[in-house]
Amino acid sequence: RRVHGGDVSCFGAMTAPVANFFSKRLGDENLPAALESIENGVAELWLGNNSITDVGAKEIAKSLVHHDLTKIVLSLNQVSDSGVQEIVAAIAANGRRVTELNFHRNRIGPSGAACIGEYLLSDTCSLTKLVLSENRITSVGANEIAKGIRHGNGCLTELNISGNGIDSEGAANIASSLTSDRCRLKTLNCSGNPITNVGLQHFLSAFSNPKCGLTTFGCSDGSIKMEDSADQLVELLRTGQTRLTILDLSQSNAESSVAKLAAAVEAFPCRVTSFIVEGECAQLKFALHKSRTRVALLDKWYHFCLGRHLRVGGSSDIQHLPNDVLELVFLHCMK
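Residues numbered from 1 in each chain as written. Predicted model: local features only at pLDDT ≥ 70, side-chain atom pairs only at ≥ 80, totals over all residues. Heavy atoms only, no water.

A. Representation of the overall build of the protein chain in the model. Within the protein chain, the secondary structure is distributed over 12 helices and 12 strands. Counting the 335 residues in the protein chain, one finds 52% classified as buried. Counting contacts in the protein chain only where the partners sit at least 6 residues apart, residues at least 24 apart contribute 79% of the total. Of the roughly 14,500 Å² that the protein chain leaves accessible, carbon and sulfur atoms contribute 49%. (Helix = DSSP H or I, 4+ residues; strand = E, 2+ residues; numbered from the N terminus. Buried < 20%, exposed > 50% of the residue type's maximum accessible area, 1.4 Å probe, protein only. Contact = heavy atoms within 4.5 Å. Areas by Shrake-Rupley, 256 points an atom, 1.4 Å probe, with all protein chains shown as cover.)

B. Quick look at the confidence of the model for the protein chain. When the pLDDT values of the protein chain are averaged, the result is 81; 74% of them are 70 or greater. A low-confidence stretch, residues 290-335 stays under pLDDT 50, and its non-local contacts, those more than four residues away or across chains, total 95 contacts. (pLDDT = per-residue confidence, 0-100.)

C. Fine view of the packing of helix 6 (residues 168-177) against helix 7 (residues 196-207). Their axes nearest at 8 Å, the elements helix 6 and helix 7 cross at an angle of 5°. One element, helix 6, and the other, helix 7, form an angle in the roughly parallel class. Contacts from Ser-168, Ala-171, Ala-172, Ile-174 and Ala-175 of helix 6 reach helix 7 at Thr-196, Val-198, Gly-199, His-202, Phe-203 and Ala-206. (Axes fitted to C-alpha atoms, helices over the stretch in contact; angles between N-to-C directions. Parallel < 35°, antiparallel > 145°, perpendicular 65-115°, else oblique.)

D. Up close: a positive patch on the surface. A cluster of basic residues, Arg-184, Lys-186, Arg-243 and Arg-271, forms a positive patch at the surface. With respect to the element layout, Arg-243 can be found in the loop between helix 8 (226-239) and strand 10 (246-248). Relative accessible area serves as the criterion here: at 39%, Arg-243 is assigned to the partly exposed category. (Patch = residues over 30% accessible without salt bridge, like charges linked within 9 Å, V, L, I, M, F, W, Y side chains within 5 Å. Salt bridge = Lys/Arg side-chain N within 4 Å of Asp/Glu carboxyl O. Lys, Arg positive; Asp, Glu negative; His and termini not counted. Charge placed at Lys NZ, Arg CZ, Asp CG, Glu CD.)

E. Seen up close, empty space enclosed by the protein. The tally for this structure, following the rule as stated, stands at one cavity of 30 Å³ or more. Here the largest cavity is characterised by a volume of approximately 70 Å³. Forming the boundary of the largest cavity are Leu-120, Gly-148, Ile-149, Gly-152, Asn-153, Gly-154, Cys-155, Leu-156, Arg-182, Cys-183, Arg-184 and Leu-185. (1 Å grid on protein atoms, 1.4 Å probe; cavity = no way out; pocket = protein on both sides within 12 Å on 5 of 7 lines; lining within 4 Å. Points joined across faces, edges and corners; volume = space filled by probe spheres on them.)

F. Highlighting the pattern of salt bridges. Counted under the stated rule, the structure contains seven salt bridges. Between Lys-129 and Glu-100 there is a salt bridge, with the nearest N and O atoms lying 3.7 Å from each other. Of the two residues, Lys-129 is situated in strand 6 (residues 129-131) and Glu-100 in strand 5 (residues 100-102); the sequence distance between them amounts to 29 residues. Where Glu-158 meets Lys-129, a salt bridge forms, and the shortest distance between an N and an O atom there is 3.8 Å. Taken together, the residues span a long stretch of sequence, with Glu-158 in strand 7 (residues 158-160) and Lys-129 in strand 6 at a distance of 29 residues. Looking at Lys-129, the relative accessible area reads 23%, which means it is partly exposed.

G. Here's a closer look at the nonpolar core. By size, the foremost hydrophobic cluster in this structure holds 78 residues, and its most contacted members are Leu-47, Leu-178, Leu-188, Phe-203, Phe-207 and Phe-217. Not counting residues up to four positions away in its chain, the partners in contact with Leu-47 are Phe-21, Leu-26, Leu-31, Leu-35, Ile-52, Ile-60, Val-73, Leu-74, Ser-75 and Asn-77. (Core = buried A, V, L, I, M, F, W, Y, C linked by side-chain atoms within 4.5 Å.)

H. Focus on the packing of helix 5 (residues 138-151) against helix 6. Two numbers describe how helix 5 lies on helix 6: the axes approach to 8 Å, and their chain directions differ by 5°. Classified by the angle between their axes, helix 5 and helix 6 sit roughly parallel to one another. Touching Ser-139, Ala-142, Asn-143, Ala-146, Ile-149 and Arg-150 of helix 5 are Glu-169, Gly-170, Asn-173, Ile-174, Ser-176 and Ser-177, all from helix 6. A class-by-class count of the residues in the contact of helix 5 with helix 6 yields four nonpolar, six polar and two charged. (Nonpolar A, V, L, I, M, F, W, Y, C, P; charged D, E, K, R; others polar.)

I. Representation of the side chain of Asp-221 within the structure. Assignment of secondary structure puts Asp-221 in the loop between strand 9 (216-218) and helix 8. Accessibility expressed as a relative area gives 12% for Asp-221, which makes it buried. Within the structure, the side chain of Asp-221 is placed 3.5 Å from the backbone nitrogen of Asn-193, a separation counted as a polar contact. Reaching out from Asp-221, the side chain makes a polar contact with the side chain of Ser-223 at a distance of 2.5 Å. Ignoring any residue separated from it by four or fewer positions in sequence, one finds Asp-221 in contact with Gly-192, Asn-193, Pro-194, Ser-250, Gln-251 and Ser-252. (Polar contact = N/O pair within 3.5 Å; in protein donor to acceptor, adjacent residues only side chain to side chain.)

J. Looking closely at the packing of aromatic side chains. In the structure shown here, the tally under the stated rule is three aromatic pairs. Aromatic pair Phe-203 and Phe-207: ring centres 6.2 Å apart, planes at 25°, arrangement stacked. Taken together, the positions of Phe-203 and Phe-207, both in helix 7 and four residues apart, correspond to about one turn of that helix. One exposure class covers both Phe-203 and Phe-207, and it is buried. (Phe/Tyr/Trp six-rings, centres within 6.5 Å; stacked < 30°, edge-to-face > 60°.)

As structure tokens, this is what we get:
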């Protein structure tokens, strides 16, 4: 893959030309020159960690006239609602087939989320992956995203709205969108939101609906007390009513419900292949092993950010974990 603007070897295998300006300290003042340097044919633009504000977002929007990008990464910047509106409007106006937008850890609020939700309703929308983790969209913004999922063209398959202050009301709206005839979501990360057990129960109810096609779900948050929802989750897993194969319930106080969960995942026809919880839950690990389900029992998330010290059943050895579990754990740490 041709690379413009820097080395990206640390990000793994690449398949399309990318303009990589990740962590180049561009700021708004140096961004126009960087955008001018992009060669024709570049498919992806990576501008993460560059102190870009709405001023820079406007410059990015202007550049979309000249480049037919499929992926735009603006993580770890300072873009707010008006900047998002500029970029989304430019994508729509120029008929660009952008399939991935990454706004992880910016300053996006409900208005920016509403703009994206409206774009999801467009017949020309081609977004398959949307990352809005660690912003400020709240339940108001989540409701607008839910409308886009419920009534859109069904292109979106992966959504990350973790760490956005979304409560049980926002969770209820997102959950209800999962059973829409137009919804095609396969991966949803709602971790780090105070949805409580009320919100979790809305999701569990949606998962039992045959219209819900979700296979990966992240809901790691301390506001959830698993013992209050364990019976509903157990019934869901035991009867195979859900398509879920990867389930992240770390930080949800699951220790007291280990026996129930272990029995459920052992039962046929449970589809779960990777179960991520937190702590030293040996009983659950044994049950998952018997049913050929992979489990990551996690302690001290910050250690894994360094790619080391992941505890599995009390051990720090990670060599037996499959790539899909490792990838999900890494994404959880970086969400």
